Amino acid sequence: MADVDKDRKEFWSSQPAVLDSMVLCDNPLFQEADTDYMVQYLPPIANKSVLELGAGIGRLTGEIAKKAKDITAVDFMQHFLDVNKVNNRHMSNITYICDDFTKFQIDKKYDLVVSAWLFINTKDEVVDKMIGQVLEWLQPGGYFTFRESGPYDEDVPMRFKQNFFYHRTPFKLHQLLGGVVKDGHILTITRCKNSRFSMKYDHDIAAAVTEVFYVAKKVPIEPVLASTLPLTTISCSYLKKMGMVAGWQVLVVGCGTGALVFHIASTYGADVLGVNFTIKDFNAAVIHQKCSPDIASLILFEMIVAVEEADYGAECFDVILIQETQLMMNDPTKLFANIRVRIDLAYCLTYPCVA
C-alpha cells in the first residue's frame with residue numbers, strides 16, 4: 001500500500017517555489033485572475049486576525065496582510081515560506097510557521113481561517129480532525145473560507161492525478177463540515193461559488209466547473225437551518241417576449257438545481273448566475289453543469305443562505321428572475337438595494353407560491 005503522507009511530502013518538496021506550482025497551472029492570466037477572485041470572496045478582513053493554512057509562496061498572504069490586523073502564514077514546505085517572506089518582506093504583521101497543517105497546533109483565536117486546496121491533500125479521517133482544529137481556532141461567529149477541487153473525469157491532466165489528491169463534491173464537503181461538533185459549535189457553509197476563471201483559462205470545462213470557493217461560519221449547533229425551497233417553472237413564451245439575446249447578464253435567484261439556468265443558457269446563449277440556498281441544490285446544479293460542456297462556461301452557481309445580503313458590487317444584470325425567494329427573506333428590499341441592473345434593459349420577475 002502506498003504511503004500517502006510520504007508521497008505528498010515528496011511531491012511538494014520537488015515543486016519549485018513559483019506560482020505555477022501553487023496553482024498547478026502555468027497560465028499567468030489564470031494565476032492573476034484566480035488570486036483576485038479569491039481575495040474578493042473573502043469575508044470582511046479589515047482589522048481581523050487571520051490564519052492561513054497552506055500559505056505557500058504568499059499569493060494570498062500579502063493581499064490579506066494589507067487589510068488584516070495580523071496574519072499567521074503556515075506551510076509545511078520551508079522553501080515555499082522562504083519565498084513568501086521575501087515577497088512580503090515589507091509587511092510587519094505576518095508571522096510565519098513551518099509545520100504540517102494536519103498536525104499544526106497554536107494557542108490563539110482567529111476571526112478568519114483561510115486555505116486553498118487544503119482538504120484535497122488529506123483523507124476523510126484527517127479532514128475531520130482538521131475541521132475540529134479550525135473550530136477551535138475560530139472565534140464564535142468567525143469564518144472559514146476555502147477553495148477545493150471536486151471530482152474529475154479520467155482524462156484530466158496528470159497534475160490532478162496524484163495519489164494523495166482527494167477530490168470531493170460540494171455535498172461531501174458539506175457533510176464533513178457538519179459532522180464535526182466542537183464545544184457546541186459547527187461549521188456551516190453559508191456561501192459557495194464555482195470559478196469563472198478556471199473555465200476561461202484552464203480549457204477543461206469538466207474539471208473547471210468543480211473548482212469551488214466556500215465560506216463557512218462557526219455557529220452554535222441549534223440555529224442551523226436548511227431550506228427546502230422547491231424548484232418552480234417559468235413560461236418559456238414569457239422569456240421569448242423579453243428579446244433575450246446572447247451576452248445578456250441574467251441573475252436567477254432561487255434557482256434550485258438549475259433547470260431554469262440551463263434553459264436560459266442553452267436557448268438564448270445568455271450568461272447566467274444561478275443563486276440557490278442549500279448545498280444540496282448547489283451540488284446537484286454543479287453536477288448537471290459538468291455534464292453540459294457546451295454551455296458550462298455561460299453558467300455560474302452560488303449558494304447563499306441569507307440571499308438578501310448578497311452584494312455583487314459593480315456587476316450589472318440585464319434580467320433578474322426571482323422564484324418564490326421573497327417569501328424566505330426577512331427584508332426583500334435588501335436584495336434589490338445590493339444588485340445593479342441596466343436601466344434601459346432591466347426586467348425583474350417574481351414568482352410567488354400559489355396554493
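Quick summary incoming for the structure in this document. (Residues numbered from 1 in each chain as written. Predicted model: local features only at pLDDT ≥ 70, side-chain atom pairs only at ≥ 80, totals over all residues. Heavy atoms only, no water.)

Helical periodicity: at 3.6 residues per turn, an α-helix aligns residues three or four positions apart in one direction. Every buried residue belonging to helix H11 (residues 259-268) is among Leu260, Val261, Phe262, Ile264, Ala265 and Tyr268, and all of these are buried. Count one or two residues on from H11 and you reach glycine 269, which has phi positive near 70°. (Buried < 20%, exposed > 50% of the residue type's maximum accessible area, 1.4 Å probe, protein only. Helix = DSSP H or I, 4+ residues; strand = E, 2+ residues; numbered from the N terminus.)

Nonpolar side chains tend to gather and get buried jointly when the protein is soluble and globular. Phe119, Met244, Val250 and Ile264 are the most contacted members of the largest nonpolar core, which totals 57 residues. With residues up to four places along the chain from it excluded, the contact list for isoleucine 264 reads Leu239, Met244, Val250, Val252, Gly269, Ala270, Val272 and Leu321. (Core = buried A, V, L, I, M, F, W, Y, C linked by side-chain atoms within 4.5 Å. Contact = heavy atoms within 4.5 Å.)

Turning our eyes to something else, we now look at the side chain of glutamate 148. Secondary-structure assignment places glutamate 148 in strand S5 (residues 138-149). Given a relative accessible area of 3%, glutamate 148 falls into the buried group. Looking at glutamate 148, its side chain comes within polar contact range of the main-chain nitrogen of phenylalanine 119, at 2.8 Å. (Polar contact = N/O pair within 3.5 Å; in protein donor to acceptor, adjacent residues only side chain to side chain.)

Those residues of helix H5 (residues 78-87) that sit buried are Phe80, Leu81 and Asn84. For H5, the angular spread of the buried residues around the axis is 95°, confining them to a single face. (Arc of directions from axis to C-beta.)

Before going further, it helps to spend a moment on the environment of aspartate 82. Along the polypeptide, aspartate 82 turns up in helix H5. A relative accessible area of 38% places aspartate 82 in the partly exposed class. Separated by 16 residues in the primary sequence, aspartate 82 and cysteine 98 place their C-alpha atoms 9.8 Å from one another.

With that out of the way, let us pick up unusual backbone geometry. We note that asparagine 47 has phi near 60°; this positive angle belongs to a residue other than glycine. Within the secondary structure, asparagine 47 sits in the loop between helix H3 (28-40) and strand S1 (49-53). Residue class for asparagine 47 comes out exposed when judged on its relative accessible area of 63%. Positive phi, close to 50°, is recorded for aspartate 183, a residue that is not glycine. Counting through the fold element by element, aspartate 183 comes out in the loop between helix H7 (170-178) and strand S6 (185-194).

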